[in-house]
Amino acid sequence: MSNAATFDTRTDTAIPVESPLAFSYRHSGAPRAGSSSRVQLRERAMLGHLILRGGAIVLDEAVRDVLGISLPGKPQALVQDASGERSIQWLSPDEWLVIVPSGEEFPLETQLRERLGDSHYAISDVSGGQTVLEITGEAARELLMKAVIYDVHPRHFPVGKGVTTVFAKATTILRRPSEERWELVVRRSFADYCYRWLLDAAAEYGVNVEQ
Amino acid sequence: MFYIYCPYCGEHREEEEFHPKGQAHIERPKEPEACSDEEWGNYLFFRNNPRGVHHEMWVHAVGCRKFFNVTRHTVSYEILETYKMGEQPTITADSQKQPREAAAVSHQEGVRA
């Protein structure tokens, strides 16, 4: 176990916890389009986000042991476990983003630190800094084409790919965990901006926001 | 708009994701104390401004956030190659004695005359 100071950022106090979009729901609303909707938008709030940095070989062994998923070594790769709830994404040659269900991030970080010992690595808990917006529906790709500078054609963006790119002038991570589903990982401070941009851009498709 | 090949991401990306970071392959003097003021000043402040092939550092700022090198032609803006940090360019001003560049030089001399 390394001597890095760690603490659980999710505390058990009575302080109410709000998702990064709570403000946006109050001020911009959450349109419901019903059955005519061609785009569905949903926030997957409060997930556990960890950034892993270090050598691929050392981290891969630890992640395989603790999480049961192998670290994606190929650029732009995104791997998930069987349930699809835990995922690891390649961000740069020595950096990966791990997303796990809420509350799992601190035990995971502790286990990884125990497993990695004195190796050269860094783990940061960024759960409070970003949130995941999920876009589904038949017009999802059309919507992304209006806002993202990256080519989202299926030939260029197959399932299991994830890139860091520009969404409406804001830095975001765009990923495609399954055929029907696209995910945007946005900064908490940009969440309201991105949400309102999405509502505006998706209005013509009859956007349906699920809370 | 350029499509720039990031050697770390392994694919072409929009120019918007990148930032130029100046001349590449600048080596810090091994013994700064032994430098004359002129040598140190040249190292700190003076950069090449060639007409033709130029080696530059760029950073994939929105993306993998890695620095890499770009060989760029300053007349045509053509990006001739990109390569990782620590590697040496395969295309240099000497290896690029092409008719196009020869034409550019003669044009320049013609203006001067």
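Residue indices follow the written sequence of each chain, beginning from 1 at its first position. Here chains are named by letter from A upward and ligands by number from 1 upward, in the order in which they appear as written. The model is predicted, so local features are restricted to residues of pLDDT at least 70 and side-chain atom pairs to those at 80 or more, both for listing and for counting; the totals for chains, interfaces and linings are taken over all residues. Hydrogens and waters are ignored; side-chain quantities use all the structure's heavy atoms.

Labelled according to an unreviewed UniProt entry, chain B appears under the name Sarcosine oxidase subunit delta, originating from Vreelandella alkaliphila.

Per an unreviewed UniProt entry, chain A carries the name Sarcosine oxidase subunit gamma and comes from Halomonas campaniensis.

> Describe the side chain of Ser127(A), listing the residues and the values that go with them.
Residue and element names in this part refer to chain A. Runs of E in the DSSP output that reach at least two residues are strands. Runs of H or I that reach at least four are helices, and both are numbered from the N terminus. Tracing the sequence through the fold places Ser 127 in the loop between strand E6 (121-125) and strand E7 (130-136). For this analysis, a polar contact is any N or O atom pair within 3.5 Å, provided that within protein one partner can donate a hydrogen and the other can accept it, and provided that sequence-adjacent residues contribute only side-chain to side-chain pairs. A distance of 3.0 Å separates a polar atom in the side chain of Ser 127 from the backbone nitrogen of His 49. At 2.5 Å, the side chain of Ser 127 forms a polar contact with the side chain of Asp 125. The contact criterion used throughout is that any non-hydrogen atoms of two residues lie within 4.5 Å. Sequence-distant contacts of Ser 127, that is, excluding residues within four places in its chain, are made with Arg 10, Leu 47, Gly 48, His 49 and Glu 105.

> Describe the packing of aromatic side chains, naming the residues involved and giving the relevant values.
Two descriptors summarise a pair of aromatic rings, namely the distance from one centre to the other and the angle between the planes of the rings. The pairing test for Phe, Tyr and Trp rings, Trp by its six-membered ring, is centres within 6.5 Å, and the orientation test on the planes gives stacked under 30 degrees, edge-to-face over 60, and tilted for anything in between. The tally for this structure, following the rule as stated, stands at seven aromatic pairs over all chains. Taken together, a centroid distance of 5.8 Å and an interplanar angle of 80° make the contact between Phe18(B) and Phe68(B) edge-to-face. Here the residue Phe18(B) occupies a position in the loop between strand E2 (11-14) and strand E3 (19-23), and Phe68(B) occupies one in strand E5 (residues 67-73), the gap between them amounting to 50 residues. Phe18(B) gets classed as buried once you look at its relative accessible area, which sits at 4%. Exposure classes here rest on a 1.4 Å probe applied to the protein chains alone. A residue is buried below 20% of its type maximum, exposed above 50%, and partly exposed in between. Of the residues examined, Phe68(B) reaches a relative accessible area of 0% and is grouped as buried. An aromatic cluster of at least three residues, connected via ring pairs, comprises Tyr150(A), Phe157(A) and Trp182(A). For Lys161(A), the ring lying beneath its charged end belongs to Phe157(A), and the centroid distance is 5.9 Å. We count a charge as sitting over a ring when the NZ of a lysine or the CZ of an arginine lies within 6 Å of the ring centre and within 35 degrees of the ring normal.

> Tell me about the sheet that holds E3(B), and please be specific about residues and values.
Residue and element names in this part refer to chain B. The pairing criterion is simple: DSSP has to find at least two bridges between the two strands. Overall, antiparallel pairing links the four strands, which are arranged E3-E4-E5-E6 in an open sheet. Where the open sheet ends on each side, the last strands, each with one partner, are E3 and strand E6 (79-84). Here the average twist between neighbouring strands, direction ignored, is 35°. With three bridges connecting them, E3 and strand E4 (residues 53-59) associate as antiparallel partners. Bridge pairing in E4 places His 19 opposite Val 59. Inter-axis angles, ranging from 0 to 180 degrees, are taken between N-to-C directions of lines fitted to C-alpha atoms, where helices are fitted over the stretch in contact.

> Please give an account of the nonpolar core that cites residues and values.
Counting 33 residues, the largest nonpolar core has Ile135(A) and Leu174(A) as its most contacted members. Mapped by element, the contributors of at least two residues to this core are strand E1 (39-44), E7, helix H4 (140-147), strand E8 (161-167), strand E9 (170-176), strand E10 (182-187), helix H5 (191-202) and strand E11 (207-210) of chain A. It is H5(A) that contributes the most residues to this core, seven residues altogether. With residues up to four places along the chain from it excluded, the contact list for Ile135(A) reads Val39(A), Gln40(A), Leu41(A), Ala140(A), Leu143(A), Leu144(A), Glu180(A), Arg181(A), Trp182(A), Leu184(A) and Leu198(A). Side-chain atoms within 4.5 Å link the members of a nonpolar core, which is a set of buried Ala, Val, Leu, Ile, Met, Phe, Trp, Tyr and Cys residues. Counting residues in hydrophobic clusters, the runner-up holds 27 residues, among them Leu52(A), Leu71(A), Ile88(A) and Phe18(B).

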